[in-house]
Amino acid sequence: MSHSIQQRFERTTKSFRPYLKRARDILIALAAILCGILLALAVPPIQFGGAQAATCQPAASRHATVDIPPDFLAAYKRAGERYQVPWPVLAGIGKVQSDHGRVAVTDGEHVGPMRIRLDTVTGGVPVRPATGEGNEVDGDENGVIDLLTPEDSIATVASRFQAHSSSGGAQANATKPDPKAGELARQALEAAELYAPGFNLSAAMKACAA
């Protein structure tokens, strides 16, 4: 390359340097914005202090979608919406009572996947026409109360849970104290916290009541 050509090349390159720098700065800024968008999509909203915003019906974790059969998960969510009870609580109860229907109830004192005590069931009859009498719920609205099915069993527990909460914690629907209730409640809450990351029962119940 001759001396004159090299000089022209250097002058041309020098004249483009500000534009190249500006283009580089723009690309860096765009990359930062893109990373922010991707992080916003991947990470749930966080409040100052690290706690997630309380919601009545939180999103299901991956653990929930793997551990809970789809028909049970749908029933928990429907009952939760219907009775304004956080669905992870219902799922936690279902987990400790029957592992979401995987463990059969054979003790003669309980019925269905939510292990509802027979002595709290109207007339002690878990399968009967839905007449509007009693404190059991026709969850799938097919005209039959069938506490052997997840829909009716889960909806009945959600209804009782709502009644129990609205009564200020008093015994609702003639349920009898169970010596194992405290331990089962602890296990159910532990399961609920796995089904919805950051789940807090008190905060969720306040959100449901709002």
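Residues numbered from 1 in each chain as written. Predicted model: local features only at pLDDT ≥ 70, side-chain atom pairs only at ≥ 80, totals over all residues. Heavy atoms only, no water.

1. Considerations on helix H3 (residues 70-83)
No. 1: Over its 14 residues, H3 runs 20 Å from end to end, which matches the ideal 20 Å to within 8%, given 1.5 Å per residue.
No. 2: Next to the buried residues of H3 lie helix H2 (62-67), helix H4 (87-98) and helix H5 (150-166).
No. 3: Gln-84 sits one or two residues past H3 and shows a positive phi near 55°. (Helix = DSSP H or I, 4+ residues; strand = E, 2+ residues; numbered from the N terminus. Expected span 1.5 Å × (residues − 1). Contact = heavy atoms within 4.5 Å.)

2. Examining the packing of aromatic side chains
No. 1: All told, the structure shown has 1 aromatic pair when counted by the stated rule.
No. 2: Between the aromatic rings of Phe-72 and Tyr-76, the centroid separation amounts to 6.2 Å while the plane-to-plane angle is 55°, which identifies the pairing as tilted. One end of the pair, Phe-72, and the other, Tyr-76, are both in helix H3, 4 residues apart, so they sit about a helical turn from each other.
No. 3: For Phe-72, a relative accessible area of 8% corresponds to the buried category. (Phe/Tyr/Trp six-rings, centres within 6.5 Å; stacked < 30°, edge-to-face > 60°. Buried < 20%, exposed > 50% of the residue type's maximum accessible area, 1.4 Å probe, protein only.)

3. Things to note about the confidence of the model for the protein chain
No. 1: Confidence in the prediction for the protein chain averages 78 pLDDT; 68% of positions are at 70 or higher.
No. 2: Contacts of residues 26-51 to residues separated by more than four positions or lying in other chains number 6 contacts, the stretch itself having pLDDT below 50.
No. 3: This stretch, residues 169-177, has a pLDDT under 50; its non-local contacts, to residues over four places away or in other chains, come to 17 contacts. (pLDDT = per-residue confidence, 0-100.)

4. Examining the pattern of salt bridges
No. 1: Taken as a whole and judged by the stated rule, the model has 10 salt bridges.
No. 2: Among the salt bridges present, the one from Glu-151 reaches Arg-78, with a minimum N-O distance of 2.2 Å. Of this pair, Glu-151 sits in helix H5 while Arg-78 sits in helix H3, and the two are 73 residues apart along the sequence.
No. 3: The exposure class assigned to Arg-78 is partly exposed, which follows from its relative accessible area of 45%. (Salt bridge = Lys/Arg side-chain N within 4 Å of Asp/Glu carboxyl O.)

5. Remarks on the environment of Thr-122
No. 1: If you trace the backbone, Thr-122 turns up in the loop between strand S2 (116-117) and strand S3 (127-129).
No. 2: For Thr-122, a relative accessible area of 31% puts it in the partly exposed group.
No. 3: Between the alpha carbons of Thr-122 and Gly-134 there is a distance of 5.4 Å; along the sequence they are 12 residues apart.
No. 4: In this view, Thr-122 contacts Arg-128, Gly-134, Asn-135 and Glu-136; residues no more than four positions away in its chain are not counted.
No. 5: Within polar-contact distance, the side chain of Thr-122 engages the backbone nitrogen of Asn-135 at 3.5 Å. (Polar contact = N/O pair within 3.5 Å; in protein donor to acceptor, adjacent residues only side chain to side chain.)

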